[in-house]
Amino acid sequence: MGNKQTIFTDEQLDAYQDCTFFTRKEILRLHSRYHELAPHLVPMDYTNDPDCKLPLALIVNMPELNENPFRNRIVESFSEDGMGNLSFNEFVDMFSVLSEMAPRELKAIYAFKIYDFNVDNYLCKEDLVKTLNRLTKEELTPEEVVLVCEKAIEEADLDGDNKLSYADFENMITRAPDFLSTFHIRI
Amino acid sequence: MEEHKTVNFMRLLSDDSTHSTVSSDSCEYYQTEIFDLLPSIQASRPEQSRKPSEAYQDGPVPGEESVYGHLSSGPRDKAPTQPLRNMVICIQGKRSARERRKMQISESWRRSQSINRKRVLAQIGGALSGLLPWQHTLHAIEGRFGVGVKAYFVFLRYLVHLNLLHCVLICGLILGPTLFYSITKSSEPLKFGGNDSVLDFFLGSGYLDRSPVFYGFYTRGSLNMQCLNTPLLYLAGILTILFLSLILVVRRTTVGYKHTWMLGKRYSMNVSYKIFGGWDFTIQDPAAAALKHSFIRNDLKLFLEEQSFSRREAQRTLGQRVRLYLLRFFLNLLVLALLGGAFYLIYFATKTSQDVIGHHWLVSLVLEYLPPIAISFVNLLLPQIFRKISSFEDYSFTMQVNAMLVRSIFLKLASLGIYLFFIFKTTKKPHAVQCLENLFGREMYKLCIFNFLTAFCNAFFLNYPRKLLHEKYPSSFLARLWGKQRFLVPFNVLDLVYSQTVSWVGVFYCPLLPLIEAVTLMATFYIQKFSVLRCCVAEQRMFRGSISSVLFHFMLLLGLLMAAATLGLNLYQPEGTHMSSCGPFGNGQSVFNVTGVCVDSLPGPAQSTLRYLASSAFALPLILAEILILTSYVSRGRANQKAIERLKEMLVMSSSDKRFLVKQHTTMLRRQRNPCRVRPATIEENQPLTPSHEN
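Residues numbered from 1 in each chain as written. Chains lettered and ligands numbered in written order. Predicted model: local features only at pLDDT ≥ 70, side-chain atom pairs only at ≥ 80, totals over all residues. Heavy atoms only, no water.

Under an unreviewed UniProt entry, the name given to chain B is Transmembrane channel-like protein, and the source organism is Champsocephalus gunnari. Looking at the Subcellular location (unreviewed entry) heading of the UniProt record, one finds this comment for chain B: "Membrane". The record held by UniProt for chain B lists under Sequence similarities (unreviewed entry) the comment "Belongs to the TMC family." (UniProt positions renumbered as here; feature names shortened; annotations may be inferred.)

Chain A appears in an unreviewed UniProt entry as Calcium and integrin-binding family member 2 from Notothenia coriiceps.

Trainee: How should the packing of aromatic side chains be read in this particular structure?
Mentor: Both the distance between ring centres and the angle between the ring planes are used here to describe each pair of aromatic rings. Inspection of every chain in the model, using the stated rule, returns 46 aromatic pairs over all chains. Relative to A:Tyr16, the ring of A:Phe8 lies with its centre 5.6 Å away and its plane at 75 degrees, an arrangement referred to as edge-to-face. A ring pair is formed by B:Trp134 and B:Tyr526, whose centres lie 5.9 Å apart and whose planes are at 85 degrees; its orientation type is edge-to-face. Of this pair, B:Trp134 sits in the loop between helix H9 (105-131) and helix H10 (135-145) while B:Tyr526 sits in helix H24 (residues 513-535); the two residues are 392 residues apart in sequence, bridging distant segments of the chain. Of the aromatic side chains, those joined through ring pairs into one cluster are A:Phe8, A:Tyr16, A:Tyr34, A:Tyr46, A:Phe88, A:Phe91 and A:Phe95. Above the face of the A:Phe117 ring, A:Arg73 is positioned so that its terminal group lies 5.9 Å from the ring centre. The ring centre of B:Tyr498 lies 5.1 Å from the NZ or CZ of B:Lys412, which sits over that ring. (Phe/Tyr/Trp six-rings, centres within 6.5 Å; stacked < 30°, edge-to-face > 60°. Helix = DSSP H or I, 4+ residues; strand = E, 2+ residues; numbered from the N terminus. Lys NZ or Arg CZ within 6 Å of the ring centre and 35° of its normal.)

Trainee: Where do I start with a nonpolar patch on the surface in this structure?
Mentor: Residues and elements named next belong to chain B. A cluster of nonpolar side chains, Val-120, Leu-121, Ile-124, Leu-128 and Leu-131, forms an exposed patch at the surface whose accessible area comes to about 520 Å². Mapped onto the elements of the fold, Leu-128 is located in helix H9. Under the relative-accessibility criterion, Leu-128 is labelled exposed at 53%. (Patch = residues over 30% accessible without salt bridge, like charges linked within 9 Å, V, L, I, M, F, W, Y side chains within 5 Å. Areas by Shrake-Rupley, 256 points an atom, 1.4 Å probe, with all protein chains shown as cover. Salt bridge = Lys/Arg side-chain N within 4 Å of Asp/Glu carboxyl O. Buried < 20%, exposed > 50% of the residue type's maximum accessible area, 1.4 Å probe, protein only.)

Trainee: Would you mind showing me how to read the domain arrangement of chain A here?
Mentor: Often, the extent of an interface is quoted as the loss of accessible area upon association of its parts. Residue and element names in this part refer to chain A. Segmenting chain A into domains produces domain 1 (10-98) and domain 2 (104-182). Spacing between the C-alpha centres of domain 1 and domain 2 amounts to 27 Å. With ten residues of domain 1 in contact, the opposing surface of domain 2 contributes twelve residues. Taking both sides of the interface into account, the surface hidden between domain 1 and domain 2 amounts to around 1,000 Å²; carbon and sulfur atoms contribute 71%. The largest share of the area that domain 1 buries against domain 2 comes from Phe-70, Arg-73 and Val-97, three residues that together contribute 58% of it. (Domains from an automatic or database assignment. Contact = heavy atoms within 4.5 Å. Buried area = accessible area lost by both parts, 1.4 Å probe.)

Trainee: Teacher, can you tell me more about the confidence of the model for chain B here?
Mentor: One rule of thumb: low pLDDT means the predicted coordinates there are not for detailed reading. All names here are of chain B. Of the residues in chain B, 77% have a pLDDT of 70 or more, and the chain-wide mean is 76. Every residue in residues 263-268 scores below 50 in pLDDT, and together they form nine contacts with partners more than four places removed in sequence or on other chains. Taken as a whole, residues 681-695 scores under 50 in pLDDT and shows 17 contacts with residues more than four places along the chain or in a different chain. Two summary scores accompany this predicted model of the complex, namely pTM at 0.77 and ipTM at 0.91. (pLDDT = per-residue confidence, 0-100.)

As structure tokens, this is what we get:
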């Protein structure tokens, strides 16, 4: 095909194409974005799968994530160690799930992970309180926050355990028509 | 042992009701041994756990086999054909899964081709939507003012497209045949001469009277076959326009309505969605992000206000309630009185404007425009009074906004309707030469021009000076009194609906009105864009219901129905009362005559079918069938609703059963492991109640 890039082997690019929603060109573009974040850390040659991870602080300063109140949680939920250090694989994975080609179910799963602050597979009241505070920049009074969170759980909780399991969350989010268009980052 | 176990079981039951070794709080419930073995947890567990050690080796095997559909019945069945991209494991795991599957080169190539195809289609779609006019303007407006203001501009663009479509139809069916087949009685080309002046463009007389703008231009011409003649084409054109508009508007209304219905009527109170789906992840601009934060906060504050209002409302005593209802009744009477006064004012203006002869040209210009001036004045003043009135009625905030909106919509459309009623009933036929239909067309034309002039003057002579005042003298008395300009979306949309209704009513009498309307709307777009981007500040409170597109299209539908009704009533006249002497239906023919002649000329079967379709023997069964279908849909919907409620209850019950059983099991296991903690006395005292319990 005449591509003269030396960053990845052809086999690696094929694997990326199959495992994500990106084409070869986009993967190369993603690599250059990843490289820009820390030019001295990220090698230009990925043919032998180097083990390079970028810290959370570098990634959340990207313009696509900078204004997002959940940027820390997004990066953490895609990182292996849960601390937000992303290798290139995880970086690509993150933008692949958040791209517009990803199906609704996949996005719903990751949305659930993002909002689950204490990573216990349930959205409990503390998770909701943290989400709400991030959303409103803490401009509601604590009583108002508690009231809103209680009402939210009451509305969405189907199995009556005062927490939102994934089934509850999915049921609530799939009824909204614009979830796909809002849960989407273009890079 | 079994009996003891049974006894333990019974004993635990009563122990647990007072205190239990497993706390009723959920923490320990989720950490019990049996909890991990439950099938529902097993199905969801593997895709959540990604141990780092596994990732770089063979990849989590369960990960591939249980895909994200842990709620579906057979996840393992779907696994081999599930595309790799859609799996919920990290990329390394997907790579290993890929190797395990050992995909053929051709298969992987085929998959990548299909995704390339989808991408190309998506890009074409993106390019086409970029071709839509003013796309970047709308994007800029959305970033600075939010979705509500953008919805107004989207609606405006939709109306421009609608009017352009009408123009195409008119050119094809009405203007084209007339120009082509016209027998020019007086073969002079249309030019400025005689008594024509620039004022004609404002009054619609003189030069414009003779031009294709008005009804009188469209004579029967040389196209005179029985079923294909100019009058019939004219009629067909008008009817097509109205039907097409009806279909388009109804379709848009129902699509929007289905969306809001699908979210349930709880959508506006659906706080959980506001929290989890409220943030738009595509926002990258700090100003847009700040605006979104404030929207979300105000949305939630509105919700809290609703809650506190409904609490207050529930605490009203009977005496307070009676007083309130009485007050509301009197206020509604006041509203009706105000509406009556407004209608009388319009009638008076219509009457006054009809004798314009013998005045100075400026005075006669003002007199001719007196009805539109009266209508605009009424529509400017009364909504403010309605807002004051609704603040006394003690409704919740959303109800207040809705009440004011409903009253304003009714006022606007009814004032137009009353005005049309008056001019259709009271216009005297001045001379034998002049065309009555042209007079009607002229009134519609004047309304259209006046709307545009109002928008223009509002933007440049009211909003812009206001903004300058705020910039130069921000602390002066006038600046503080006047306040900053806010773009009120529902009222601006109402103005658009009003002008579109005028266009629909007037298209029969003034066929080029859609063209004029389209041009005016495009100019209005730029005027409003200037007004919004330069002179307004963002509205902080967003009333969801009032900016919904369902409401806009429903208002448009009301306007269309009113236009169709007015037109139909005006055209349906008993034979002999009025013979029009101009236009396509001149020479004593009416609309119904023309169609009658055509139907008579058709072959026998077609003729009898048409007569049957138009008769009441067909209409009645049709209406009955529609009623039956509607009833079946409604009852099916109700049955589904009941089924949903039952299933929800079942879910809660089985979930609490599960919790109870897990707790029991855990407590039993613990007692087995720590037998010294169990109270020995109780075991011996109790009889085995159900010895057959275990085996």
